[in-house]
Amino acid sequence: MDDNAPQTPSRRSVLRTTAGVAGAGIGLGALGTGSAGAAAPEQAAETTGTPPRRGATMAGVPFEGRSTVRVGIIGLGNRGGSMIDLFLALPGVRVVAVCDPVKAKAERAAAKVVAAGQPSPAVYTHGEDDYENLCARTDLDFVYVATPWELHFEMARAAMLNGKHVGVECPIAMRLDELWQLVDLSEQTRRHCMQLENCCYGRNEMRVLRMAHAGKFGELLHGAGAYNHDLRELMFSPTYYEGPWRRLWHTRLRGDLYPNHGFGPVANYMDVNRGDRVVSISSFGTPALGLAQYRDEKVPPGDPSWKETYIGSDRTISLVQTAKGRVIRLEHDVSTPHPYSRINSLGGTRGVFEDYPARIYVEPDHKGHQWGDFTAYAAEFDHWLWKEHANPPGGHGGMDYIMIFRLMQCMRLGLVPDFDVYDAATWTAPVPLSHASIKAKGAPQQIPDFTRGEWRRARSGVDSARPAQA
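Scoring rules and cut-offs
- Numbering of residues starts from 1 in each chain and follows the order in which that chain's sequence is written.
- A pLDDT threshold of at least 70 governs which residues receive local features in this predicted model, and a stricter bar of 80 or more applies before side-chain atom pairs are shown or counted, although totals over entire chains, interfaces and linings include all residues.
- Side-chain measures here rest on the full set of heavy atoms in the structure, leaving out hydrogens and waters.
- DSSP-based pairing: two strands are paired if at least 2 bridges between them are found.
- Every helix listed is a DSSP run of H or I at least four residues long, and every strand listed is a run of E at least two residues long, numbered separately from the N terminus.
- Throughout, a contact is declared for two residues whenever any of their heavy atoms are within 4.5 Å.
- Only the contacting stretch of a helix is used when fitting its axis, a line to C-alpha atoms as for every element, and angles between N-to-C directions run 0 to 180 degrees.
- Put simply, a salt bridge is a Lys or Arg side-chain nitrogen that is within 4 Å of an Asp or Glu carboxyl oxygen.
- Exposure categories follow from relative accessible area, calculated using a 1.4 Å probe and restricted to protein chains: below 20% of the type maximum is buried, above 50% is exposed, and the middle band is partly exposed.
- Each residue carries a pLDDT value, the predictor's own confidence for that position, ranging from 0 to 100.
- Within 6.5 Å between ring centres, the rings of Phe, Tyr and Trp (the latter by its six-membered ring) count as paired, and their orientation is classed by plane angle as stacked under 30 degrees, edge-to-face over 60, tilted in between.
- Using protein atoms alone on a 1 Å grid, points that fit a 1.4 Å probe yet trap it form a cavity, whereas open point sets bounded by protein on both sides within 12 Å along at least five of seven lines form a pocket; residues with an atom within 4 Å of a point count as lining.
- Grid points are joined across faces, edges and corners, and a volume is the space filled by probe spheres set on the points.
- We call Asp, Glu, Lys and Arg charged. Ala, Val, Leu, Ile, Met, Phe, Trp, Tyr, Cys and Pro are nonpolar, and the rest, Gly among them, are polar.

What follows covers the sheet that holds strand E8 (residues 278–285). Overall, mixed pairing links the 8 strands, which are arranged E13-E12-E11-E7-E10-E9-E8-E14 in an open sheet. The open sheet terminates on both sides in strands that have one partner only, identified here as strand E13 (359–362) and strand E14 (445–446). The strands touched by helix H17 (residues 430–439) are E8, strand E9 (316–322), strand E10 (327–333) and E14; relative to E8, the strand with the most contacts, the crossing angle is about 55°.

Let us look at the pattern of salt bridges. Tallying each qualifying case throughout the model produces 32 salt bridges. Between aspartate 177 and arginine 175 there is a salt bridge, and its shortest N-O distance comes to 2.9 Å. Note on aspartate 177: relative accessible area 27%, which makes it partly exposed. Relative accessible area serves as the criterion here: at 4%, arginine 175 is assigned to the buried category. Ionic pairing is found between arginine 452 and glutamate 187, a salt bridge with its closest N-O pair at 3.1 Å. Here arginine 452, found in the segment after E14, pairs with glutamate 187, found in helix H7 (residues 176–189); they are 265 residues apart in sequence, far enough to count as distant. Comparing arginine 452 with glutamate 187 shows no difference in burial state: the two are buried.

On average, residues of the chain score 90 in pLDDT, and 89% of them are at 70 or above. Contacts of residues 1–48 to residues separated by more than four positions or lying in other chains number 119 contacts, the stretch itself having pLDDT below 50.

Turning next to the packing of aromatic side chains. Working definition: an aromatic ring pair is given by the centre-to-centre distance plus the angle between the planes. With the rule as written, the count across this model stands at 18 aromatic pairs. Geometrically, the ring pair formed by tryptophan 149 and tryptophan 245 is edge-to-face, given 5.3 Å between the ring centres and 75° between the ring planes. You can see tryptophan 149 sitting in the loop between strand E4 (142–145) and helix H6 (152–161) and its partner tryptophan 245 sitting in helix H10 (residues 245–248), a full 96 residues away along the chain. With centroids separated by 4.8 Å and ring planes inclined at 90°, the aromatic side chains of tyrosine 240 and tyrosine 241 adopt a geometry described as edge-to-face. On the basis of relative accessibility, which here comes to 36%, the residue tyrosine 240 falls in the partly exposed class. By the ring-pair criterion, three or more aromatic residues cluster together here, those being Trp149, Tyr227, Tyr240, Tyr241, Trp245, Trp249, Tyr258, Tyr340 and Tyr356.

This paragraph deals with the layout of surface pockets. Its boundaries defined by the atoms lining it, the largest pocket holds a volume of some 820 Å³. As for the largest pocket, its lining consists of 41 residues, of which Asn78, Arg79, Tyr240, Tyr241 and Arg246 are closest to the centre. Of all the elements in the fold, those that place two or more residues in the lining of the largest pocket are helix H3 (78–89), H10 and helix H15 (399–413). Ranked by the residues each element gives to the lining of the largest pocket, the list is headed by H3, at 6 residues. A class-by-class count of the residues in the lining of the largest pocket yields 19 nonpolar, 13 polar and 9 charged.

Within the secondary structure layout, isoleucine 74 lies in strand E1 (residues 69–74). Since its relative accessible area comes to 2%, isoleucine 74 is described here as buried. Remark: the alpha-carbon pair of isoleucine 74 and methionine 155, spanning 81 residues in sequence, is separated by 8.4 Å. When sequence neighbours within four positions are dropped, the list of residues in contact with isoleucine 74 reads Cys99, Tyr131, Leu134, Cys135, Val143, Tyr144, Val145, Ala146, Thr147 and Met155.

Looking now at H6. Since the α-helix turns once every 3.6 residues, residues separated by three or four places project in the same direction. Of all the 10 residues making up H6, 8 are buried; the element is thus mostly covered by neighbouring parts of the structure. For H6, the complete set of buried residues consists of His152, Phe153, Glu154, Met155, Ala156, Ala158, Ala159 and Met160. Against the buried residues of H6 lie E1, helix H5 (131–135), E4, strand E5 (165–168), H7 and strand E6 (193–195). Where H6 ends, the next residue or the one after it, glycine 163, has phi of about 80°, a positive value.

Time to look at the side chain of lysine 105. Within the secondary structure, lysine 105 sits in helix H4 (residues 103–115). Since its relative accessible area comes to 17%, lysine 105 is described here as buried. Excluding residues that lie within four positions of it along the chain, lysine 105 makes contacts with Leu76, Gly77, Asp100 and Glu242.

Paired through their backbone hydrogen bonds, the strands of a sheet run either parallel or antiparallel. Within the open sheet, the 6 strands sit side by side as E3-E2-E1-E4-E5-E6. Their pairing is parallel. Edge strands, defined here as strands with exactly one partner in the open sheet, are strand E3 (122–124) and E6. Averaged over all adjacent pairs, the angle separating strand axes in this sheet is 25°, with direction ignored. Where strand E2 (residues 93–99) lies against E3, 3 bridges are found, and the strand directions are parallel. The residue bridging valine 98 from the neighbouring strand is valine 123, located in E3. Along the sheet, H15 contacts E1, E2, E4, E5 and E6; its crossing angle with E1, the most-contacted strand, is approximately 140°.

Structural data, given as C-alpha cells:
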C-alpha cells in the first residue's frame, strides 16, 4: 500500500474528507517545487548524497537587529491559536497578519491581537493558497507556521523566497529532498529556517544540557528520547483536529512520524552539528494494530475512518549512531495506551540521568545503586532563562513561552539563533529514513550531513549565555 505514490492531493483536500485515501502512500515532492510527479517517501530517502553548497553556510549567522519583530502567523488551530497569546505577551513583538482558511479561527485570532492593544492585523482566509499573500507582505520579519505536516515545507519555502525568517512546528517537512531544499533555500536567501522544537527549552532538558556541558556525566556515551503519547482519542475526534490529517499519516508511513521532541534535546546534549554529527539510523517497527482496535471498540460503523488501512507501526524504535560512536535511541508510539513520556535520558562515563520521573545517578555524588534527587542540581544548573522566567505563561509547562521569548530576543538583539536549518533537517530526517529502514528490515540508512562539514566546528546552541543587553 505505501509502495505506490499517487499524485499529491489538493493542499486542503486531506483536511476535508477521509474518503478515498485508504492506504494511500502520498508523496509530497510536488508541493511548491514545480515537479510533475511525486515519489514515494522511501524513494526520496535513498538520495542521501551531499549536494554541492549553493550559498554560504547559515551556521553562526546572526539575525539583523530590530526594535520590533513583525510577525505573521499561518495556521490558527489548536497550536497556532494558543501560541498567538505568547507572541502577544512579549515586548517588542507585533502580530501584523494572520492566516487560516477557516475564517472563524482567523477572526478569533485577530480579536486577540486587538484585545492586546495592537492594531488590527491583516486577515488572510481566501482559500488554501492565501498564505502566499501573507508571505509576500513587505512589513513582516518572521513567519510562524502551525499547520498540518504536509503543508510545512511549501509554507517555509514561500516565507524564505519572500525574504522572511521562518519558524515551523514539528516536523519541518516529510521528505528528505524537501529537507535539502530548505537547507539550500536558507543558505541562498540568507533567511533562517527553524524547527520550533519547544522540548529543547523544557526546564529538565535545559538543566541536563548545562550539566552535560559542565562534564557532570563524564564523556557522553548514549541518550534516548521519545514521543510516547496516547493520541487515539484525539486522532479519532471529529473536532480536535481540522479534519483527519494526522491520523491519515498512519496510512502512509511505517516509521517515526514525530521524532523531534525526543531527538532535539538529546542532539543538543551531544552537540550534534556542533562538534559531532549523526551518521546513520536503524529502525524497527511493531505491527500496526492499535488504531484499528480502537476504531473497532469506539467508532460507530459507517464512519469514514472505516475505509482507512493503517500501516504505521504502533511503536517504532530507532538506533542512531554519531560520528563519535555515541548511540541515541528514539521511540514513537501514539496508538497504544500508556502514560506520556519523552524518555529524555543521557548517560556517560560518570553516570546517567533518566526522566519520567526525573532521577539521576552520577559519581561521586551518588553511590549504593540508589537514584539521587535531580532537584538538588537546580540552583547550580538551571538555565538563566528559567531563572529569570520561573513561572512562564502558556502551555507545556512553560517551555513554549521560553522558546518564543528567546527566539524573539535573538531577533530583536541581532543574535545568532539557538538552532538553525541544519538542526531542523537533522531532527526531522528520521521521518523518511526510519520508514525506509523498517521497509529494509532494519538496515541502516545514512543520515546526510546537512551542514556540509560545518559540524566539526564547535559553536553555541541552546546552552546560550545571557546577552548583556537583555
